[in-house]
Amino acid sequence: MRLAVQALLAIAVTLSLPSCSQDRGTVDRALFSDQPIWSSGTEVSGGDGIARFIDIDRDGDLDFVTSLPDPRRWVAYRNDSGKIGEEPFWESLETTDCDHVDVLDFDQDGWMDLAGTHESYCTLYFNRSGEFNAAPDWETGLIANANQIDFGDYDGDGDLDMVMAAGEPVNGVALFENQSGTPSKQVSRKLGHEEYSETAIFADYDGDEDLDIIAAYRAGKIAVFRNSDDGFDDGAVILEDEKSPWTQRLYWRDLDADGQPELFCAKGPWGGQVGTSLQLLALDDGSEPQVLWQSAPETSFHGFEFGDVDGDGDLDLIAADYADGGSVSLFLNDEGRLAAEPAWSVKTSGPAHEAVLGDIDHDGDLDLAVGCRDQAHIFENYVSEGG
């Protein structure tokens, strides 16, 4: 098992600033602001920590979606000429734990929609010409310990199906087929064996131009369910990571732009295990994937984001760390290889659940939003200003 851990330097953290503190790491200029330019200002976020950019009204400005407590609900803040508002302009009805939200044009009408993952069910909020209803337009009828959901047209019929990773009572990976304009409200098919699954995504793992499913399980297994004739096989384990078993999120990205995406595994802090995250390359002979990059063993990254942060034309990696009080770090891409050490990092006000990039002020670079257990923050990118 090729999981030899390369030692990385520990992220230096300055604790003198009141909310967030910066380590400029291996670069001699700031990539993001030392302190957030916007914060939601709560003591608890109402969920695990949500951050998503979305142009709700198609005015060209990226609005911001997160969650708030008392009661727990999704909220959206309007972007007015590069400034995020102080009060939300849209709020959902009260809901259960706000675990994750995706931005996608589900009904393919040109308006970006929201898909919510809760601890007990999943929802869709359709964007109706710049407005959302307070109540979800669709939700699963299944009461499930829902973790990650993902959408893709696995059967080639032109609409989006849903895959869900979950604990009890699903206890594994489930398909929700779309046969009527929205996914079925009950599980259409359960894939693989019964074991708690935290993350599952659609991805063309074998390069045959249809969508397979990649899933990770609590005990450390990563399995691929291959799509053949619009159906899935029983799955094959491609990696078993006993040292860092708990994969919080999977991502399928092509960092070296060679046409072959790599599999990224963000390893979280649960289960009392170390969280060495991985970048894996699938090999043509079907053997265990090659490890291209791994984080330091003391990291516990819950989520990744990919974007050209430094303006050099390739995808860099942002990592949100849920452990040790929370932090977010930037790993630069140099000719298709991720740096071993973060070029920039910041200590956040609480455990960092996820991060997202977007140019909120139209200055040509990607700003950073971080969803933390306590609140959400936005940091300004200084690259366009010369650092």
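The rules behind the values
- Residues numbered from 1 in each chain as written.
- Predicted model: local features only at pLDDT ≥ 70, side-chain atom pairs only at ≥ 80, totals over all residues.
- Heavy atoms only, no water.
- Helix = DSSP H or I, 4+ residues; strand = E, 2+ residues; numbered from the N terminus.
- Rg over C-alpha atoms; globule rule 2.2 N^0.38 Å.
- Buried < 20%, exposed > 50% of the residue type's maximum accessible area, 1.4 Å probe, protein only.
- Contact = heavy atoms within 4.5 Å.
- Areas by Shrake-Rupley, 256 points an atom, 1.4 Å probe, with all protein chains shown as cover.
- Lys, Arg positive; Asp, Glu negative; His and termini not counted.
- Charge placed at Lys NZ, Arg CZ, Asp CG, Glu CD.
- Pairing = 2+ DSSP bridges.
- Disulfide = S-S within 2.5 Å.
- Salt bridge = Lys/Arg side-chain N within 4 Å of Asp/Glu carboxyl O.
- pLDDT = per-residue confidence, 0-100.

## Remarks on the overall build of the protein chain
Next up, step 1: Per the secondary structure count, the protein chain includes zero helices and 35 strands.
Next up, step 2: Computed over the C-alpha atoms, the radius of gyration of the protein chain is 20 Å, within 12% of the 21 Å expected from 2.2 N^0.38 for a compact globule of 387 residues.
Next up, step 3: Its C-alpha atoms give the protein chain principal-axis dimensions of about 55 × 50 × 35 Å.
Next up, step 4: For the protein chain, buried positions account for 58% of its 387 residues.
Next up, step 5: For the protein chain, contacts bridging at least 24 residues in sequence account for 47% of all contacts bridging at least 6.
Next up, step 6: Taken as a whole, the protein chain presents about 15,200 Å² of accessible surface, with 45% of it coming from carbon and sulfur.
Next up, step 7: Looking at the protein chain, you have 23 positive and 79 negative side-chain charges, and the mean spots of the two groups are 5 Å apart.

## Side note on the sheet that holds strand β35 (residues 376-379)
Next up, step 1: Spatially, four strands are ordered β2-β35-β34-β33 in an open sheet, and the strand pairing comes out antiparallel. Among the strands making up the open sheet, the edge pair consists of β2 (38-39) and β33 (352-358).
Next up, step 2: The pairing of β33 with strand β34 (residues 367-372) spans six bridges and is antiparallel. Its bridge partner being in β34, alanine 355 is matched across the sheet by valine 370.

## So, the state of the cysteines
Next up, step 1: Applying the stated criterion across every chain, the model contains zero disulfides.
Next up, step 2: We note that cysteine 98 lacks a disulfide partner, and the nearest cysteine sulfur, in cysteine 122, lies 12 Å from it.
Next up, step 3: Residue classification places cysteine 122 among the buried residues on the basis of a relative accessible area of 0%.

## Notes on unusual backbone geometry
Next up, step 1: Here the amide bond leading from aspartate 70 into proline 71 is cis, since omega sits at 0°, within 30 degrees of zero.
Next up, step 2: For proline 71, the position within the fold is in the loop between β4 (63-68) and β5 (73-77).
Next up, step 3: Going from glutamate 168 to proline 169, the amide bond is cis rather than trans, its omega being 0°.
Next up, step 4: Inspection of the secondary structure puts proline 169 in the loop between β14 (161-166) and β15 (172-176).
Next up, step 5: Positive phi, close to 55°, is recorded for serine 81, a residue that is not glycine.
Next up, step 6: Tracing the backbone shows serine 81 in the loop between β6 (79-80) and β7 (83-84).
Next up, step 7: Of note, the phi angle at alanine 257 is positive, near 55°, even though the residue is not glycine.
Next up, step 8: Summarising the element assignment, alanine 257 is placed in the loop between β23 (247-253) and β24 (262-267).

## Describing the sheet that holds β4
Through backbone hydrogen bonds, the strands of a sheet pair up, either in parallel or in antiparallel fashion.
Next up, step 1: Strand order in this open sheet of four strands is β3-β4-β5-β8, and the pairing throughout is antiparallel. Only two strands of the sheet have a single partner each, and these edge strands are β3 (52-54) and β8 (90-91).
Next up, step 2: The pairing of β3 with β4 spans three bridges and is classified as antiparallel. Bridge assignment links isoleucine 54 to a residue of β4, and that residue is aspartate 63.

## Structural notes on the pattern of salt bridges
Next up, step 1: Tallied over the full model, the rule gives eight salt bridges.
Next up, step 2: Note that arginine 52 is salt-bridged to glutamate 354, the shortest N-O span being 3.7 Å. Taken as a pair, arginine 52 in strand β3 and glutamate 354 in strand β33 lie far apart in primary sequence, 302 residues in all.
Next up, step 3: Glutamate 354 sits in the buried class, given a relative accessible area of 4%.
Next up, step 4: The residue aspartate 99 makes a salt bridge to arginine 249 at a minimum N-O spacing of 4.0 Å. Highlighted residues: aspartate 99 in strand β9 (residues 98-104) and arginine 249 in strand β23, separated in sequence by 150 residues.
Next up, step 5: A relative accessible area of 7% places aspartate 99 in the buried class.
Next up, step 6: Using a relative accessible area of 3% as the deciding quantity, one classes arginine 249 as buried.

## Considering the confidence of the model for the protein chain
Interpretation of the predicted coordinates at a detailed level should be avoided for regions scoring low in pLDDT.
Next up, step 1: When the pLDDT values of the protein chain are averaged, the result is 89; 91% of them are 70 or greater.
Next up, step 2: Contacts for the low-pLDDT stretch residues 1-18, under 50 throughout, to residues beyond four places or in other chains number 38 contacts.
Next up, step 3: Per-residue pLDDT stays below 50 along residues 24-28; that stretch engages in twelve contacts with residues further than four places along the chain or on separate chains.

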